[in-house]
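Fold and contact review
The primary structure of each chain is shown beneath.
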Amino acid sequence: MIINRKGTINPAHPHARDIIDEEMEVPILAHWVHHEEKGDFLLDTGLDAAYSTDPKGRLEGTDVDVFQQNKGENIAKHIEQNGINLKTVFLSHLHADHAAGVRELPKNIPYVIAKGEYGQYHPKIHGDFLEGLEELYEIDFSRATLMPPLGLGVDLLGDGSLWAILTHGHTPYHVSFLVNTLAGPILLAMDAAFIHENLELGIAPSDYTWNVKKAQETLDKIIEFLGEYPQVRVGPGHEI
Ligand SMILES: [Zn+2]
């Protein structure tokens, strides 16, 4: 997808200097988590195959985003190529670049978002890529564990291997994921940071952002957490 550096890095932040007004091509990401006992999970879905022939993914809505996708890069193709037997899909939020792929994934497994986030989803504006899902399962952060300095966390699989962390700002109930992999812990910030530069400069995105002040507070917490736990690697939402 194409984003602009001015807006990916909030130009109104007091430490923002000389943020160039330039377009950047960045990837749309979905993360596959394989748990030895519990099976395969997706964190976000990326795009379905419709985007390889139509930049709007054949979605109808007043504010449908435009993305580029080569043939064979859609999520169902990745699932097939890797022999993934999906158990559950966890979604960070309901923007099309993170969730449109739901359209071509199995409908007989749970899809999970933070409680409250569905209120942000407007099919007439964003396009109805959740059509066909009978139910969205919700993570209730009102009963979550406080994990300072990060904030509220929920143990998704019950063994500490995969945590949802409430990181609001990009959207009201956006979540990031902390994955305790065999190769060490990884914080997948999702859109709490679009690119590594957000973390390096300590400046949150302002484009596509529901509440810039809250997004900055969240980024500050993530940076503090990474400072306290240097063994944790971090992945932003649109850069590897
Ligand atoms: Zn995104």
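Since the model is a prediction, treat every value here as computed from it, not as a measurement.

With that settled, consider the pattern of salt bridges. Two side chains of opposite charge can pair, provided their charged atoms sit close to one another. Enumeration over the complete set of coordinates arrives at 6 salt bridges. Here R5 ties to E22 by a salt bridge, and the two come within 2.8 Å at their closest N and O atoms. Taken as a pair, R5 in helix α1 (residues 5–8) and E22 in the loop between α1 and β2 (23–25) lie far apart in primary sequence, 17 residues in all. For E22, a relative accessible area of 30% corresponds to the partly exposed category.

Let us look at the coordination of the zinc ion. Coordination sphere of the zinc ion, protein contribution only: D97 (OD), H98 (NE2), D191 (OD) and H238 (NE2), at 2.0 to 2.3 Å. Of note is the zinc ion, whose 4 donor atoms meet at the metal with angles of 85 to 155 degrees in an arrangement that counts as irregular. One chain supplies every donor to the zinc ion, and in sequence these donors are spaced D-H-x92-D-x46-H. Highlighted residues: D97 in helix α3 (residues 96–99) and H238 in the segment after β13 (233–236), separated in sequence by 141 residues. By the burial criterion, D97 is buried, and H238 matches it.

How big an interface is tends to be expressed through the accessible area that disappears when the partners come together. By domain assignment, the chain separates into domain 1 (7–12 + 140–240) and domain 2 (27–138). The gap between the C-alpha centroids of domain 1 and domain 2 is 20 Å. Taken together, the contact between domain 1 and domain 2 spans 26 residues of the former and 24 residues of the latter. Looking at the side of domain 1 facing domain 2, the largest losses of area belong to L157, Y173 and H238, adding up to 26% of the total buried there. At the boundary of domain 1 with domain 2, the tally comes to 12 residue pairs in polar contact (both at pLDDT 80 or more). When residues of the side of domain 1 that touches domain 2 are traced back to their parent elements, those giving at least two are β11 (175–181) and β12 (184–190). In terms of residue count, the dominant contributor to the side of domain 1 that touches domain 2 is β11 (3 residues). A breakdown of the residues in the side of domain 1 that touches domain 2 according to their chemical character gives 16 nonpolar, 6 polar and 4 charged.

The strands making up a sheet are joined through hydrogen bonds of the backbone, oriented either antiparallel or parallel. Ordered in space as β8-β9-β10-β11-β12-β13, the 6 strands form an open sheet in which the pairing is mixed. The open sheet is flanked by β8 (145–147) and β13, the only strands paired with a single partner. Taking each pair of neighbouring strands and ignoring which way they run, the sheet shows an average axis angle of 30 degrees. Note that β8 and strand β9 (residues 151–155) share 3 bridges and pair antiparallel. Note that in β9 the partner of M147 across the bridge is G151.

Attention now goes to the nonpolar core. Counting residues in each nonpolar core, the largest one holds 35 residues, and the members touching the most others are L86, V89, L105 and F129. The set of elements that each furnish at least two residues to this core consists of α2 (75–81), β5 (86–90), α3 and β6 (111–114). The residues that make up this core include at least three from each of domain 1 (7–12 + 140–240) and domain 2 (27–138). Setting aside residues up to four positions removed in sequence, L86 forms contacts with D40, F41, L42, I79, L105 and I109. Residues V33, F90, L166 and I186 belong to the second largest nonpolar core, which totals 21 residues.

What counts, and where the lines are drawn
Residues numbered from 1 in each chain as written. Predicted model: local features only at pLDDT ≥ 70, side-chain atom pairs only at ≥ 80, totals over all residues. Heavy atoms only, no water. Salt bridge = Lys/Arg side-chain N within 4 Å of Asp/Glu carboxyl O. Helix = DSSP H or I, 4+ residues; strand = E, 2+ residues; numbered from the N terminus. Buried < 20%, exposed > 50% of the residue type's maximum accessible area, 1.4 Å probe, protein only. Donors = N, O, S within 2.8 Å, 3.2 Å for Na, K, Ca; no water. Tetrahedral: all angles 85-135°; square planar, octahedral: opposite > 155°, others 65-115°. Domains from an automatic or database assignment. Contact = heavy atoms within 4.5 Å. Buried area = accessible area lost by both parts, 1.4 Å probe. Polar contact = N/O pair within 3.5 Å; in protein donor to acceptor, adjacent residues only side chain to side chain. Nonpolar A, V, L, I, M, F, W, Y, C, P; charged D, E, K, R; others polar. Pairing = 2+ DSSP bridges. Axes fitted to C-alpha atoms, helices over the stretch in contact; angles between N-to-C directions. Core = buried A, V, L, I, M, F, W, Y, C linked by side-chain atoms within 4.5 Å.

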